[in-house]
Protein chains: 2
Amino acid sequence: MNKTIYDVAREAGVSMATVSRVLNGTAVVKEETKAKVQAAIEKLGYRPNAVARGLASKRTKTIGVILPDVSDLFHAEVLRGIEDIAMMYHYHIILTSSDAREDREIDLIGTMWEKQVDGLVFISERITKEIVRTFEQAQLPVVLCATDDPEGRIPSVAIDNESAAYDATRFFLDQGIANIAFFGGPTTHRVTMERRHGYERALQEAGQSVQESLILHAPDMKYEGAHSVAAEFLRQGHHAAAVVAASDEIALGYLNAVRDRGGNSPQDVLLLGFDNTRLSTIVRPELTTVAQPTYDLGAVSVRLLTKLLNEEPIDDYTVRLPHSIIERTSTKRG
Amino acid sequence: MNKTIYDVAREAGVSMATVSRVLNGTAVVKEETKAKVQAAIEKLGYRPNAVARGLASKRTKTIGVILPDVSDLFHAEVLRGIEDIAMMYHYHIILTSSDAREDREIDLIGTMWEKQVDGLVFISERITKEIVRTFEQAQLPVVLCATDDPEGRIPSVAIDNESAAYDATRFFLDQGIANIAFFGGPTTHRVTMERRHGYERALQEAGQSVQESLILHAPDMKYEGAHSVAAEFLRQGHHAAAVVAASDEIALGYLNAVRDRGGNSPQDVLLLGFDNTRLSTIVRPELTTVAQPTYDLGAVSVRLLTKLLNEEPIDDYTVRLPHSIIERTSTKRG
DNA sequence: ATGAAAGCGCTAACAT
DNA sequence: ATGTTAGCGCTTTCAT
């Protein structure tokens, strides 16, 4: 397979430039010679070397993806969306996990530059000034996925997290429920705080006061930590009639803490998760959840990035995808 | 950031060859000039262009990963192992999903060659002759992950699936249980069939006959399809005292089918899953499962691949990682 | 210990 | 419509 474009040119009796032209469709070539070239390519089993191409053209047809952790359900699903659309536009993906550490993120942006990716899809818990500065320095087209930056200077694709949590809280308030708790990830997590604000706004609009004791924060968006925090919450004798959780896993952490004490949902607590991951239908009771278009978040991010790369006209640099509440068993009151 | 090695050389007052040497540590450079070069690099904010490097050295420091679907829990976890160790050895990952389609797999191997990856980690449901031929043609070092090839010609890292299923079946047999069902993925899925053989061997050794009616196959390793198949199985009036499932999701599909009819586990059926994914502890009852060292499967695959790439001595081209049964609530008899 | 120079396999002017 | 040629930014002989 280690033939070059020269070999093909010789075999076809044309110049390498012509071969390049039929390869890239970058100029008109006579049907006849095109056929000769294609026959030669076929015969030799020639494949163009993407690295050489990348060096010569300064476009590698690869997109860098930086995210906190691939093994996280939500990210894995977003990634699938990224990958599918990238493939559709003939881009490849270079994947790296940052573990949500800013120093790693900054470092990775640098190595993405070294790899000469054409652009970057960036998923992070928070977009700091340092990060933004690194983007600018690297001069890489970037799309933020599933978050945005506070200043709105960087193109992004996400849902409106504040409204989503507002809607989720209203879902309970409209049923006349008081004692609604919020259960988020860490306070350093931008999305968590946006959702918390939505929760607080809904409460305030309804004339209910925000009780600090009903606001829980897990160490991350995963099940295990949430389970511990919820267990401690219940052990201290706290009680919530309903819980708005910032992820499905967090909701399940709360659910199992309740179960550990002999309770269950929806009988003892109404639970509303976030993300509509596959978990929410696998688990019993099935989990009511705020659906983010997870796959689409990735898919649309890449589409936006390709527009940036091709300098296509762009309507909106800050894309807001719709969310919706999917009602299942965990909020069905007897 | 678009400085070249020439800019650094000029700034430091040396030749580009010297800069290259300090960059790669490929030859001895006087401490003094090394310092000058490093100062220049620092000053200019120079970063080496990995694409140019790749073209000149014919080694790109990237590993291609082809797997059926990133958004699958098991694969996502394996991938994390791949990524971590790759990073540790200063390799990057180019990721592609094949959807378990052979034509895509073959196509992707080709594009991985185009990208000039140094090696490949390949995860697939079955290794056909066609695939093996493509590997050879591409002349790419490959490690199979979580499977092996029937002929054992390609380096691989996996568990012994036959034994694992044998052990799982024995787990029930040793408790004097008859009527043990096997619930796998599709019959075209190599790992499913290996596990099925282990199940059958255990039954035969115990003097029990293999009943076709107690062998179920889901369309894939996921929850949804398994749920339907299990529901149909129960609707037809079949009954199993225990189920050895080929994945955690398949086990949960069976579980919920039982629940849909008012039953539960472990009361009405003892359930044993496979993979020890995060699901198994999130769900209630907690799922007994055959633990594969999922992360390690990926990690060890990459380690093996790096040995291949560096021509380090290799003890074993067919690595078998250990499995174990983790006993939880779903198999606890009253 | 360092420099000069020839590629790596391709794209993209520039010619014709 | 096709060919010639100069790079792209490095690594790697080969000299010195």
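Residues numbered from 1 in each chain as written. Chains lettered and ligands numbered in written order. Predicted model: local features only at pLDDT ≥ 70, side-chain atom pairs only at ≥ 80, totals over all residues. Heavy atoms only, no water.

**A closer look at the UniProt feature "domain: HTH lacI-type" (unreviewed entry) in chain A**
Phase 1 of the analysis: Per the UniProt annotation, the sites labelled "domain: HTH lacI-type" (unreviewed entry) are residues 3-57 of chain A.
Phase 2 of the analysis: Across residues 3-57 of chain A, the secondary structure splits into 71% helix and 0% strand, with the terminal C-alpha atoms separated by 20 Å. (UniProt positions renumbered as here; feature names shortened; annotations may be inferred. Helix = DSSP H or I, 4+ residues; strand = E, 2+ residues; numbered from the N terminus.)

**A closer look at the interface of chain B and chain A**
Phase 1 of the analysis: Facing 57 residues of chain B, the contacting portion of chain A comprises 56 residues.
Phase 2 of the analysis: Across the interface of chain B and chain A, roughly 5200 Å² is buried in total on both sides, 57% from carbon and sulfur atoms.
Phase 3 of the analysis: On the surface where chain B and chain A come into contact, there are twelve salt bridges.
Phase 4 of the analysis: A salt bridge links Glu224(A) to Arg278(B), with the nearest nitrogen and oxygen atoms 2.5 Å apart.
Phase 5 of the analysis: For the pair chain B and chain A, the interface holds 24 residue pairs in polar contact (both at pLDDT 80 or more).
Phase 6 of the analysis: Going through the elements one at a time, helix H4 (50-57), helix H5 (73-88), strand E2 (92-97), helix H6 (102-114), helix H7 (129-138), helix H10 (223-235), helix H11 (248-260) and helix H12 (279-282) of chain B are the ones with two or more residues in the side of chain B that touches chain A.
Phase 7 of the analysis: Residues of the side of chain B that touches chain A, tallied by class, amount to 23 nonpolar, 16 polar and 18 charged.
Phase 8 of the analysis: As paired elements, strand E2 (residues 92-97) of chain A and E2(B) share three bridges and run antiparallel to each other. Directly across from Ile94(A), in E2(B), lies its bridge partner Ile94(B). (Contact = heavy atoms within 4.5 Å. Buried area = accessible area lost by both parts, 1.4 Å probe. Salt bridge = Lys/Arg side-chain N within 4 Å of Asp/Glu carboxyl O. Polar contact = N/O pair within 3.5 Å; in protein donor to acceptor, adjacent residues only side chain to side chain. Nonpolar A, V, L, I, M, F, W, Y, C, P; charged D, E, K, R; others polar. Pairing = 2+ DSSP bridges.)

**A closer look at the domain arrangement of chain A**
Phase 1 of the analysis: Each domain of chain A was delimited in the assignment, giving domain 1 (5-48), domain 2 (62-159 + 295-316) and domain 3 (161-293 + 325-331).
Phase 2 of the analysis: For domain 1 of chain A versus domain 2 of chain A, the distance between C-alpha centres works out to 36 Å. (Domains from an automatic or database assignment.)

**Notes on the protein's contact with DNA strand C**
Phase 1 of the analysis: Taken together, 28 residues sit near DNA strand C, with Ile5(A), Tyr46(A), Ser15(B), Thr18(B) and Arg21(B) positioned nearest.
Phase 2 of the analysis: Of all atoms in DNA strand C that approach within 4 Å of the protein, 63% are sugar or phosphate atoms.
Phase 3 of the analysis: Within the side chain of Asn24(A), a nitrogen or oxygen atom sits 3.0 Å from a phosphate oxygen of DNA strand C.
Phase 4 of the analysis: Ser15(B) places a main-chain nitrogen or oxygen 2.7 Å from a phosphate oxygen of DNA strand C.
Phase 5 of the analysis: Counting only elements with at least two residues in the surface near DNA strand C, the list comes to helix H1 (5-12), helix H2 (16-24) and helix H4 (50-57) of chain A together with helix H2 (16-24) and H4 of chain B.
Phase 6 of the analysis: For the surface near DNA strand C, the element with the highest residue contribution is H2(A), accounting for five residues.
Phase 7 of the analysis: Its residues assigned to classes, the surface near DNA strand C shows 14 nonpolar, eight polar and six charged. (Near = heavy atom within 4 Å.)

**Digging into the protein's contact with DNA strand D**
Phase 1 of the analysis: If you check the shell around DNA strand D, you find 28 residues, and the closest are Ser15(A), Thr18(A), Arg21(A), Lys30(A) and Tyr46(B).
Phase 2 of the analysis: Within 4 Å of the protein, atoms of DNA strand D come from sugar and phosphate in 60% of cases.
Phase 3 of the analysis: At 2.7 Å from a phosphate oxygen of DNA strand D is found a side-chain nitrogen or oxygen belonging to Thr18(A).
Phase 4 of the analysis: With respect to DNA strand D, the side chain of Thr33(A) contributes an N or O atom lying 3.0 Å from a phosphate oxygen.
Phase 5 of the analysis: Broken down by secondary-structure element, the contributors of at least two residues to the surface near DNA strand D are H2 and H4 of chain A together with helix H1 (5-12), H2 and H4 of chain B.
Phase 6 of the analysis: No other element matches the five residues that H2(B) contributes to the surface near DNA strand D.
Phase 7 of the analysis: Classifying every residue of the surface near DNA strand D by side-chain character gives 14 nonpolar, eight polar and six charged.

**Side note on the side chain of Ser124(A)**
Residue and element names in this part refer to chain A.
Phase 1 of the analysis: Note on placement: Ser-124 falls in the loop between strand E3 (119-122) and helix H7 (129-138).
Phase 2 of the analysis: Side chain to side chain, Ser-124 and Glu-105 meet in a polar contact 2.8 Å long.
Phase 3 of the analysis: Residue contacts for Ser-124: discarding those within four places in its chain leaves Glu-105 and Thr-147.

**Side note on the relation of the copies chain B and chain A**
Each of the two copies of the chain can be brought onto the other by a rotation about an axis and a shift along it.
Phase 1 of the analysis: The two copies are related by a screw motion: chain B maps onto chain A through a turn of 180° and a shift of 0.1 Å along the axis, at an RMSD of 0.2 Å. Both chain copies can therefore be described as sitting about a two-fold axis. Among all residues of chain B, the one whose C-alpha sits closest to the rotation axis is Ile94(B), at a distance of 2.3 Å.
Phase 2 of the analysis: Most of the interface of chain B is mirrored in chain A, where 98% of its interface residues are also at the interface. (Least-squares fit on C-alpha atoms with pLDDT ≥ 70 in both.)

**Looking at the pairing of strand E11 (residues 318-321) of chain A**
In the case of a regular strand, side chains alternate between the two sheet surfaces.
Residues and elements named next belong to chain A.
Phase 1 of the analysis: Here E11 shows a buried face lined by Val-319 and Leu-321 and an unburied face lined by Thr-318 and Arg-320.
Phase 2 of the analysis: Where strand E5 (residues 156-159) meets E11, four bridges bridge the pair, whose relative direction is parallel. Note that in E11 the partner of Ser-156 across the bridge is Thr-318. (Buried < 20%, exposed > 50% of the residue type's maximum accessible area, 1.4 Å probe, protein only.)

**Observations concerning the nonpolar core**
A general feature of soluble globular proteins is that nonpolar side chains tend to end up buried together.
Phase 1 of the analysis: Within the largest apolar cluster, 155 residues are counted, with the highest numbers of intra-cluster contacts made by Phe183(A), Tyr254(A), Phe183(B) and Tyr254(B).
Phase 2 of the analysis: If near-sequence neighbours (up to four positions away) are discounted, Tyr254(B) is found in contact with Phe183(B), Leu216(B), Ala230(B), Phe233(B), Leu234(B), Ala240(B), Val243(B), Val269(B) and Leu271(B). (Core = buried A, V, L, I, M, F, W, Y, C linked by side-chain atoms within 4.5 Å.)

**A short note on the sheet that holds strand E8 (residues 242-245) of chain A**
Residues and elements named next belong to chain A.
Phase 1 of the analysis: Pairing within the open sheet is mixed, and its six strands lie in the order E7-E6-E8-E9-E10-E12. Both edges of this open sheet fall to strand E7 (215-217) and strand E12 (324-326), since each of them pairs with a single strand only. Across this sheet, the average inter-strand angle for adjacent strands is 20°, counted without regard to direction.
Phase 2 of the analysis: Across three bridges, the pairing between strand E9 (residues 270-274) and strand E10 (residues 288-291) is parallel. Looking across to E10, one finds that Leu-272 is bridged to Thr-288.
Phase 3 of the analysis: Each of strand E6 (180-184), E7 and E9 touches helix H9 (residues 190-205); the most contacted strand, E6, lies at about 170° to it. (Axes fitted to C-alpha atoms, helices over the stretch in contact; angles between N-to-C directions.)

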